[in-house]
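Structural features, examined
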Amino acid sequence: MRAAVLHETGQDKLEVLDDVEALGFGPGKVRLRVRATGLCHSDLSAMAGVLPQPAPFVPGHEGAGEIVEVGDGVTGLSAGDRVLVCWLPACGGCPSCRRGQTELCLSGFMSAGTPNFRRPGGSPEELFGMSGTGTFAEEIVLPAPCAVPIPDDVPYDIAALIGCGVTTGLGAVFNTARVAAGSSVAVIGCGGVGISVIQGARASGAAQIVAVDPVESRREAALRFGATEAVAPDGLDAARNTVTAGEGFDYVFEVVGRSDTARRAYETTRRGGTMCVVGAGATDDFVQFNMFELFFDEKRILPSLYGGGDVLRAYRRTIDLWRAGRIDLEGLITHRVRLGEINDAIGQMRTGEALRTCIEI
């Protein structure tokens with residue numbers, strides 16, 4: 001089968017190979033025919049080494065498709081079922097799950113260090129899948145909890161987005177920050193996840209939503225999706241003064257994953273307000289706060305991993321909001337490519353041209 005492979009961490013392009021096989025099918029597993037997958041910025045971060053990921057590997061973790069076969073012991077799933085890929089499934093029995101913090105379950109990471117693919121006779125022969133998945137391939141083998149059934153009216157491309165970026169952005173608003181109606185919001189970073197944050201803030205009734213991004217096309221998109229104002233990074237201070245009379249925003253979402261933007265987010269948050277960290281950054285990128293400001297300003301700093309809540313519930317909520325016309329998911333897909341054109345999609349994301357590119361497998 002075909003799959004896109006990164007041979008070494010730090011390479012900027014993938015090689016599409018046709019001699020790859022999915023590994024690991026057996027009890028408790030499902031084999032999935034991937035139909036659509038989104039290119040998430042986390043894929044680029046893993047390719048660059050910002051996010052830890054063994055190489056060589058098949059990127060992709062935001063996917064959807066149909067089940068080809070199920071292993072022994074799998075219940076609730078059958079061949080032919082339409083599913084989305086959950087890259088961070090909950091085991092249900094660990095301390096985090098028992099506390100109701102299923103997004104912190106580490107069971108899904110346990111498979112990330114096990115090869116998901118192989119190239120018979122290739123060098124090296126075994127390949128990993130990003131976050132234990134690897135959706136830039138025609139077929140993948142997953143633990144059954146990673147395959148979440150979707151209703152028949154949800155297209156594969158929409159389901160793929162729900163599997164990561166949309167759930168992350170909406171969940172940061174609904175679960176982590178819990179944006180209040182009538183509040184002021186700033187969103188720093190307006191790619192696919194940032195736009196989902198904007199849509200969540202609008203659905204929550206925020207009165208002012210300021211989008212911040214250096215790319216003009218993304219600022220224009222933010223206005224279409226519900227932002228009340230969109231500025232380049234050097235216009236953030238002026239927007240704070242205009243919208244909040246200089247006090248600072250009630251909620252500021254950092255959706256870039258860098259220490260400099262996190263510091264700007266903190267400074268732009270009002271005293272007693274909430275800064276929500278959504279972007280995934282590097283382990284060696286440190287942000288500094290002094291102890292007096294942490295005490296005196298009483299700003300809440302809330303990280304949000306995968307939307308900060310029960311993802312299965314979040315999937316259902318997102319589908320309901322989409323069906324009701326409260327959020328726009330089709331509009332997030334600005335580009336479509338085939339698997340053989342995957343490097344075009346990577347270029348579109350790096351320049352900021354694309355919000356989300358759908359790779360049709």
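Read on for an overview of the structure. Since the structure is predicted, the reported quantities are computational estimates derived from the model, not experimental observations.

The rules we used
- Residues numbered from 1 in each chain as written.
- Predicted model: local features only at pLDDT ≥ 70, side-chain atom pairs only at ≥ 80, totals over all residues.
- Heavy atoms only, no water.
- Helix = DSSP H or I, 4+ residues; strand = E, 2+ residues; numbered from the N terminus.
- Rg over C-alpha atoms; globule rule 2.2 N^0.38 Å.
- Buried < 20%, exposed > 50% of the residue type's maximum accessible area, 1.4 Å probe, protein only.
- Contact = heavy atoms within 4.5 Å.
- Salt bridge = Lys/Arg side-chain N within 4 Å of Asp/Glu carboxyl O.
- Axes fitted to C-alpha atoms, helices over the stretch in contact; angles between N-to-C directions.
- Parallel < 35°, antiparallel > 145°, perpendicular 65-115°, else oblique.
- Nonpolar A, V, L, I, M, F, W, Y, C, P; charged D, E, K, R; others polar.
- Pairing = 2+ DSSP bridges.
- Phe/Tyr/Trp six-rings, centres within 6.5 Å; stacked < 30°, edge-to-face > 60°.

**With respect to the overall build of the protein chain**
Per the secondary structure count, the protein chain includes 12 helices and 19 strands. Relative to a compact globule of 361 residues, whose C-alpha radius of gyration would be 21 Å, the protein chain shows 20 Å and is just as compact. Among the 361 residues that make up the protein chain, the fraction classed as buried is 54%. Contacts in the protein chain between residues far apart in sequence, at least 24 positions, make up 69% of those at least 6 positions apart.

**Let's talk about the pattern of salt bridges**
This structure, assessed with the given rule, holds 19 salt bridges. Across the salt bridge formed by D19 and R119, the nearest N and O atoms sit 3.2 Å from each other. Of the two residues, D19 is situated in the loop between strand 2 (15-17) and strand 3 (21-22) and R119 in the loop between strand 8 (117-118) and strand 9 (126-129); the sequence distance between them amounts to 100 residues. Residue class for D19 comes out partly exposed when judged on its relative accessible area of 28%. Since its relative accessible area comes to 14%, R119 is described here as buried. Between R338 and E360 there is a salt bridge whose closest N-O contact spans 3.5 Å. Highlighted residues: R338 in strand 18 (residues 333-338) and E360 in strand 19 (residues 356-360), separated in sequence by 22 residues.

**A look at the packing of helix 1 (residues 41-48) against helix 12 (residues 342-351)**
Close contact between helix 1 and helix 12 brings their axes to 10 Å; oriented N to C, the two are set at 100°. One element, helix 1, and the other, helix 12, form an angle in the roughly perpendicular class. In this structure, helix 1 contributes H41, L44 and M47 to the contact, and helix 12 contributes I346, M349 and R350. Counted by class, the contact of helix 1 with helix 12 contains 4 nonpolar, 1 polar and 1 charged residues.

**Details of the sheet that holds strand 13 (residues 208-212)**
In spatial order, the strands read 14-13-12-15-16-17; together these 6 strands make up an open sheet with parallel pairing. Strands at the two margins of the open sheet, each flanked by one partner only, are strand 14 (229-231) and strand 17 (300-303). Going from strand to strand, the sheet's axes swing by 15° on average, the running direction of each strand aside. Judged from the 4 bridges that link them, strand 16 (residues 269-277) and strand 17 form a sheet pairing that is parallel. Looking at the pairing, C276 lines up with L302 of strand 17.

**Describing unusual backbone geometry**
A cis amide bond links A55 to the next residue, P56, at an omega of 0°. Despite not being glycine, R178 has its phi angle at roughly 55°, a positive value. Tracing the chain through its elements places R178 in the loop between helix 5 (165-177) and strand 12 (184-188). For R178, a relative accessible area of 62% gives the class exposed. Here E298, not a glycine, exhibits a phi torsion of approximately 50°, which is positive. Along the polypeptide, E298 turns up in the loop between helix 10 (291-297) and strand 17.

**Examining the packing of aromatic side chains**
This structure, assessed with the given rule, holds 3 aromatic pairs. Residues W87 and Y306 carry aromatic rings whose centres are separated by 4.6 Å and whose planes lie at 25° to one another, so their mutual orientation is stacked. In this pair, W87 is assigned in the loop between strand 7 (82-85) and helix 2 (95-98) and Y306 in the loop between strand 17 and helix 11 (311-323), connecting sequence segments 219 residues apart. Assigned by exposure class, W87 and Y306 land together as buried. Between F292 and F296, the ring centres sit 5.1 Å apart and the planes meet at 15°, which makes this aromatic pair stacked. Of this pair, F292 and F296 both sit in helix 10, 4 residues apart, which is roughly one turn of the helix.

Interpretation note: all reported values are geometric properties and have no functional meaning in isolation.
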